[in-house]
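Close look at the chain arrangement
Each chain is listed here by its residues.
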Amino acid sequence: MPVRKPARQVRSLSFESFGVRFRIHSESSQLIERTRERLALVFGSLIRFRELRNCEQVFHIELSGDREIEVFDVQTGIRHPLEYESFDRTFESMVRNRVAEMARGHVFIHAGAVTIEGRAIILPGRSFAGKTTLVKALVERGAVYYSDDFAVLDPEGRVLPFPKPLSVRRPDGEREYVDVEAKALGAAAGRDPASCGLVFLSQYDEKARWAPLTLSPAEGLLRLIEHTVPVRTNTEFSLKVLNKLALRAIIAESRRADADAAAIKIINYFNRLVIGLPRD
Amino acid sequence: MNSSQVPIARKEGLVIQEMPEEVLIYDLEENKAFSLNPTAAEIWRSCDGNRTVAEIATGLAGSRDQEEKEKLVWLALDQLKEKNLIANELASRYAGMSRREVIRNVGLATAIALPVIAMLSFPGQTLASTCVASLCGSTGLDSGCTGGRRCCPSQANPSIYGCFTNLGNCGVIPGTAACP
């Protein structure tokens, strides 16, 4: 009599964030638990783990070889080999990017975000542009932390908190990152939607001279588009929301040198031009 | 100049955001965005298929010199046409003058700001399908990629990350050309 192979036990995890529904399958309960812990840490109250049907984002994750975990993205049909040690962080950021792209009723901008006196400052920038460093410098000077990765806009163009732990470089290694909670920096994390007072576009330049230039709403909107995640997948809605933001906020740009000095200048600029203006 | 022509603003395939004085246009077909300053926006809005270039010029505030204002309109139309924001064909532009000469003349002769159209393009829309085999996370972690490659955002679409080789700095990724 042939020996029957034991049935494979496939476990799954489903969750929803900003209206995007995910399901993750794996034969490894350890991988499922690892994924769940990381997502819970980063998304906090912005994720709901629950049994869901009809998930549009489905992933299979399995151990592959010695030091790899393979992620199969059912939607695209693509397999991603990820290193074992960094799997949690890498897969979580894949999920985060997918949420940013597909979120319903919200617009995600690649940007750091803080508030001062209830008004938001958005700091658009790509990875390695120094968003986290600048956000960290601002919260160390009393700003309320909203995000170091995405400024999330509601349909009215207000900024919602996405207070994931700040991803800061380890002091002893350029290429390693550690998670730092805002409260460990002595900062509060935002809870409520905030009207945006200032969008500040800056680019690090060691020899930069601080020379902020205010952009017109259309120029500012054009510059924001570059950092707006769903601009191609949900163009009309994205532009409508950005328009609301651009009409209320001051949009300015300047090259900047180190983050600490820039943070002081941005706060002064914000206090001078924004505080005292009507909120809507 | 042939100012009896009737320019028509293109509307199809565009998402248009009207702002108090300016206009922001997103071209869905070419994935380009344009901001029109108040002068360019006013001229673009006037390209309704009912007005000639001369009539559009007459409607502009500022200098009374009709000829200079027509040059200004042509200056805007030239840029709008070049950016595929005019739906119909237009002949003749500045009666033998170069755009630079017109800018110099018009800028001095009228009290109207020159029309300016800024553009942002998003090349490499196919990045998602050409580079997905090496997608990685968004945190810039080198360890998210195998084989010593580095995880960087694409210049064409910063929301898409890929594993790239031989890059000292993520800021230098030339869009899809860097797909491994």
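For the structure, check the block above.
Let me begin by describing the structure that accompanies this report. (Residues numbered from 1 in each chain as written. Chains lettered and ligands numbered in written order. Predicted model: local features only at pLDDT ≥ 70, side-chain atom pairs only at ≥ 80, totals over all residues. Heavy atoms only, no water.)

**Things to note about the overall build of chain B**
Here is the rule we go by: Strands are runs of DSSP state E lasting at least 2 residues, helices are runs of H or I lasting at least 4, and numbering of each runs from the N terminus. Only protein chains enter the area calculation, which uses a 1.4 Å probe; residues under 20% of their type maximum are buried, those over 50% are exposed, and those in between are partly exposed. Contacts are assigned to residue pairs that have any heavy atoms within 4.5 Å of one another.
Of the regular secondary structure elements, chain B holds 5 helices and 6 strands. Helices (α) and strands (β) of chain B occur, in sequence order from the N terminus, as β-β-β-α-α-α-α-β-α-β-β. Relative to its 180 residues, chain B shows a buried fraction of 53%. Looking at chain B alone, contacts between residues at least 24 apart form 55% of all its contacts between residues at least 6 apart.

**Section: the overall build of chain A**
Short version of the rule: Surface exposure here means Shrake-Rupley accessible area, sampled with a 1.4 Å probe, where a residue is shielded only by the protein chains that are shown.
Within chain A, the secondary structure is distributed over 6 helices and 16 strands. Per-residue burial for chain A yields a buried fraction of 54% across its 280 residues. Look at the contacts in chain A between residues 6 or more apart in sequence, and 68% of them connect residues 24 or more apart. Here chain A displays about 13,000 Å² of accessible surface, and carbon together with sulfur accounts for 47% of that area.

**Points about the sheet that holds strand β6 (residues 78-83) of chain A**
Residues and elements named next belong to chain A. So the rule is basically this: By the convention used here, strands pair only if DSSP detects at least 2 bridges between them. Angular values range over 0 to 180 degrees, each being the angle between N-to-C directions of two axes fitted as lines to C-alpha atoms, with helices fitted over their stretch in contact.
Judged by pairing direction, the sheet is mixed, and its 6 strands sit side by side in the order β3-β1-β2-β4-β5-β6 without closing on themselves. The sheet is open, and its two edges are formed by β3 (48-49) and β6, each paired on a single side. Sheet analysis places strand β1 (residues 11-17) next to strand β2 (residues 20-26), joined by 7 bridges and oriented antiparallel. Note on β2: the bridge partner recorded for Leu13 is Ile24. Relative to the sheet, helix α1 (residues 29-43) contacts β1, β2, β3, β4 (57-64) and β5 (68-73), its axis offset from that of β1 by approximately 15 degrees.

**Overview of the pairing of β1(A)**
Remember that side chains alternate between the two faces of the sheet whenever the strand is regular. All names here are of chain A. With 5 of 7 residues buried, β1 is to be regarded as a mostly interior element. In this structure, the hairpin formed by β1 and β2 is closed by a connection of 2 residues, where Phe18 is found at a positive phi of approximately 50 degrees. One ladder, built from 2 bridges, connects β1 with β3; its direction is antiparallel. When the bridges of β3 are listed, Phe15 appears paired with Phe49.

**Some remarks on the nonpolar core**
Rule in force here: Nine residue types can take part in a nonpolar core, namely buried Ala, Val, Leu, Ile, Met, Phe, Trp, Tyr and Cys, and a core is a set of them joined through side-chain atoms within 4.5 Å.
The biggest cluster of nonpolar side chains holds 35 residues, and the ones touching the most others in it are Ile122(A), Leu153(A), Ile225(A) and Leu239(A). Those elements that provide at least two residues to this core are β7 (107-116), β8 (119-124), β10 (150-153), β14 (196-204), α4 (217-225) and α5 (235-248) of chain A together with β2 (23-27) of chain B. Beyond its immediate chain neighbours, meaning those up to four positions away, Leu239(A) contacts Leu221(A), Ile225(A), Val231(A), Val15(B), Gln17(B), Leu24(B) and Tyr26(B). Membership of the second largest hydrophobic core comes to 30 residues, among which are Phe18(A), Val20(A), Phe87(A) and Val152(A).

**Quick word on empty space enclosed by the protein**
One way to see where empty space is left: roll a probe the size of a water molecule over the atoms. Residue and element names in this part refer to chain A. Note the following rule: Site definitions follow a grid-based scheme: protein atoms alone, a 1 Å grid, a 1.4 Å probe that fits but cannot get out for cavities, and for pockets an open set with protein on both sides within 12 Å along at least five of seven lines, plus lining residues having an atom within 4 Å of a point. Grid points are joined across faces, edges and corners, and a volume is the space filled by probe spheres set on the points. Any residue that is not Ala, Val, Leu, Ile, Met, Phe, Trp, Tyr, Cys, Pro, Asp, Glu, Lys or Arg is counted as polar, Gly included; the first ten are nonpolar and the last four charged.
The tally for this structure, following the rule as stated, stands at 2 cavities of 30 Å³ or more. In this structure, the largest cavity encloses a volume near 50 Å³. Contributing to the lining of the largest cavity are Leu123, Pro124, Gly125, Ala129, Gly130, Lys131, Leu134, Ser202 and Arg256. Every element with two or more residues in the lining of the largest cavity is listed here: β8 and α3 (131-139). Along the lines of polarity and charge, the residues of the lining of the largest cavity split into 4 nonpolar, 3 polar and 2 charged. Within this model, the second largest cavity holds a volume of roughly 30 Å³. In terms of lining, the second largest cavity is formed by Glu156, Gly157, Ser195, Cys196, Lys244, Leu245, Arg248 and Ala249.

**Considerations on the sheet that holds strand β4 (residues 117-121) of chain B**
All names here are of chain B. The strand order across the open sheet built from 4 strands is β1-β2-β3-β4, with neighbouring strands paired in antiparallel fashion. Unpaired on one side and paired on the other, β1 (14-18) and β4 mark the two borders of the sheet. Sheet twist, expressed as the average angle between the axes of neighbouring strands with direction ignored, equals 15 degrees. Sheet topology note: the β2/strand β3 (residues 32-36) ladder contains 5 bridges and is antiparallel. In the sheet register, Leu24 faces β3, and the bridge partner there is Ser35.

**Looking at the pattern of salt bridges**
Residue and element names in this part refer to chain A. Here is the rule: By convention in these notes, a salt bridge is any Lys or Arg side-chain nitrogen within 4 Å of a carboxyl oxygen on Asp or Glu.
Within the structure shown, the criterion is met by 27 salt bridges over all chains. For Glu70, the salt bridge goes to Arg79, with nearest N and O atoms at 3.2 Å. Here Glu70 falls in the partly exposed class, since its relative accessible area comes to 28%. Taking the shortest distance from any N to any O, the salt bridge between Glu140 and Lys136 comes out at 3.3 Å. Via salt bridges that share partners, Arg38, Arg89, Glu92, Arg96, Asp149 and Asp179 belong to a single interconnected network.

**Section: the pairing of β10(A)**
All names here are of chain A. Burial of β10 is two-sided: the residues Phe150 and Val152 facing one way and the residues Ala151 and Leu153 facing the other way are all buried. As judged from the 4 bridges shared by β7 and β10, these two strands associate in the antiparallel manner. When the bridges of β10 are listed, His110 appears paired with Phe150. By the bridge criterion, 2 bridges tie β10 to strand β11 (residues 159-160) in an arrangement that is antiparallel. By the bridge assignment for β11, Leu153 is matched with Val159. Count of turn residues in the β10/β11 antiparallel hairpin: 5 residues, of which Gly157 carries a positive phi of about 80 degrees.

Remember that the coordinates give geometry; whether it matters functionally is a separate question.
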